[in-house]
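Residues per chain are reported as follows:
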Amino acid sequence: MRLRNIPRAKSVLNECKEVVKNEADCCGRWRETFGNTNPIHIEIGMGKGQFLLTLASQKPEINYIGIERYSSVLLRAVEKLKEMKPPLSNIRLICMDACSVTEAFAPGEIDRIYLNFSDPWPKTRHAARRLTSKEYLARYHHILAKGGTIEFKTDNRLLFDFSVAEVEASLDFRLAGCTYDLHHDIEMNQGNIMTEYEEKFSSLGNPINKLIAIKN
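Each chain has its residues counted from 1, running along the sequence as written. For a predicted model such as this one, the threshold for reporting local features is a pLDDT of at least 70, and the threshold for listing and counting side-chain atom pairs is 80 or more; totals across whole chains, interfaces and linings nevertheless cover every residue. Derived side-chain values reflect all non-hydrogen atoms in the structure, with water molecules and hydrogen atoms excluded from consideration.

Colleague: Help me understand the nonpolar core in this model?
Modeller: When a protein is soluble and globular, its nonpolar side chains tend to lie buried together. Take the buried Ala, Val, Leu, Ile, Met, Phe, Trp, Tyr and Cys residues and link them wherever side-chain atoms come within 4.5 Å; each set so joined is a nonpolar core. Three exposure classes are used, based on accessible area relative to the maximum for each residue type with a 1.4 Å probe and protein chains only: buried under 20%, partly exposed in between, and exposed over 50%. In terms of nonpolar packing, the biggest core is built from 35 residues, with Trp 30, Ile 42, Ile 44, Phe 105, Ile 113, Tyr 140 and Ile 150 touching the most fellow members. The helix and strand labels rest on DSSP assignments: H or I over at least four residues marks a helix, E over at least two residues marks a strand, and numbering proceeds from the N terminus. For this core, the element with the highest residue contribution is helix α8 (residues 157-169), accounting for five residues. Here Trp 30 is in contact with Val 20, Glu 23, Ile 40, Ile 65, Arg 92, Ile 94, Ala 104, Phe 105 and Glu 109, once residues within four sequence places are set aside. Among the nonpolar cores identified, the runner-up in size contains 24 residues, and Tyr 64, Val 78, Tyr 114 and Ile 193 belong to it. Contacts were defined at the residue level, with two residues in contact if any of their heavy atoms lie within 4.5 Å.

Colleague: In this structure, what is going on with the packing of aromatic side chains? I would like to understand it.
Modeller: To pair, rings of Phe, Tyr and Trp, with the six-membered ring standing in for Trp, must have centres within 6.5 Å; the planes then decide the type, stacked if under 30 degrees apart, edge-to-face if over 60, and tilted in the middle. Enumeration over the complete set of coordinates arrives at seven aromatic pairs. Ring geometry for Tyr 136 and Tyr 140: centres 6.1 Å apart, planes at 40°, overall tilted. Note that Tyr 136 and Tyr 140 are positioned in helix α7 (residues 134-143) at a spacing of four residues, about one turn of the helix. Per residue, the accessibility class of Tyr 136 equals that of Tyr 140, and both read buried.

Colleague: Help me understand helix α9 (residues 196-203), please; the structure alone is not making it clear to me.
Modeller: Residues that lie three or four places apart on an α-helix share one face, since the helix turns once every 3.6 residues. The opening residue of α9, the one whose side-chain oxygen lies 3.3 Å from the backbone nitrogen of Tyr 197, is Thr 195. Among the residues trailing α9, Gly 205 stands out with phi positive, at a value near 90°. Polar contact criterion, stated in full: a pair of N or O atoms within 3.5 Å, where within protein one must be able to donate a hydrogen and the other to accept it, and residues adjacent in sequence count only if both atoms are side-chain atoms.

Colleague: Please clarify how the pattern of salt bridges should be interpreted in this entry.
Modeller: Pairing between side chains of opposite charge can happen when their charged atoms approach one another. We define a salt bridge as a side-chain nitrogen of Lys or Arg found within 4 Å of a carboxyl oxygen belonging to Asp or Glu. One pass over the structure, following the stated rule, counts 12 salt bridges. When salt bridges with common partners are traced through the structure, they connect Arg 8, Arg 76 and Glu 79 into a single cluster.

Colleague: How should α7 be read in this particular structure?
Modeller: Residues of α7 that are buried include every one of Tyr 136, Leu 137, Tyr 140 and Ile 143, and no others. Buried residues along α7 cover an arc of 125° about the axis, so they all sit on one side. Among the structural elements, β1 (40-44), α6 (101-104), β4 (110-116), β5 (144-154), α8 and β6 (173-179) are those in contact with the buried residues of α7. Directions pointing from the helix axis toward each C-beta atom define the arc.

Colleague: Any chance you could explain the sheet that holds β4 here in plain terms?
Modeller: For sheets, the rule is that strands pair by backbone hydrogen bonds, running either parallel or antiparallel. Only when DSSP finds a minimum of two bridges between them are two strands counted as paired. The sheet built from seven strands is open, its strands ordered β3-β2-β1-β4-β5-β7-β6 with mixed pairing. In this open sheet, the two edge strands, each paired with only one partner strand, are β3 (91-95) and β6. The sheet shows a mean angle of 15° between the axes of neighbouring strands, direction not considered. Fitting a line to C-alpha atoms yields each axis, with helices limited to the stretch in contact; the angle taken between N-to-C directions then spans 0 to 180 degrees. Contacting β1, β2 (63-68), β3, β4 and β5, helix α4 (residues 50-58) crosses the sheet at an angle of about 170° to β2. On top of the sheet, helix α5 (residues 71-83) reaches β2 and β3; it is set at about 165° to β3, its chief contact.

Quick look at the structure:
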């Protein structure tokens, strides 16, 4: 799908103090950036921000960082953030490609990673680009603390089956939770916050899949 370019996006992001412009300079220093020693959770591919902004408002004791590749999409998250009352102090946003996470975060600096409705990259030759591929799992292993978790949700069954297989084949992670119908799984759905895509797909009757992986 071709994204519509919004000319004002870059200027709005540049003016927003919550948008980090020098993420590599913050590597290993994110707790200094937040001014506290709270756990850090990141969402990779945050889209318009509904999921992460809701989390940040509900859990001020956690620091949240949202990563989005496209400035025109991140713009929507920034607009939502500006409207929130009271303002959030526990969130930062980065416009970058997910493949650069090891340049933005130091080993063991992150406690949890959220992946929600990621691009399925359906062609086999593009498998390494999937955010749950073994290539990306290696990146997550680098930045996650021991016992850190990955939470992944999707309505795409083929991508989910691929993701489960990648985790099960990994020596670095173990599968701690797995459901093929999240909204009817009482235990795993507890406290669930829906993304924009989750609301859309579940309203169409698509079951939502979720896995939780823990770093060994």
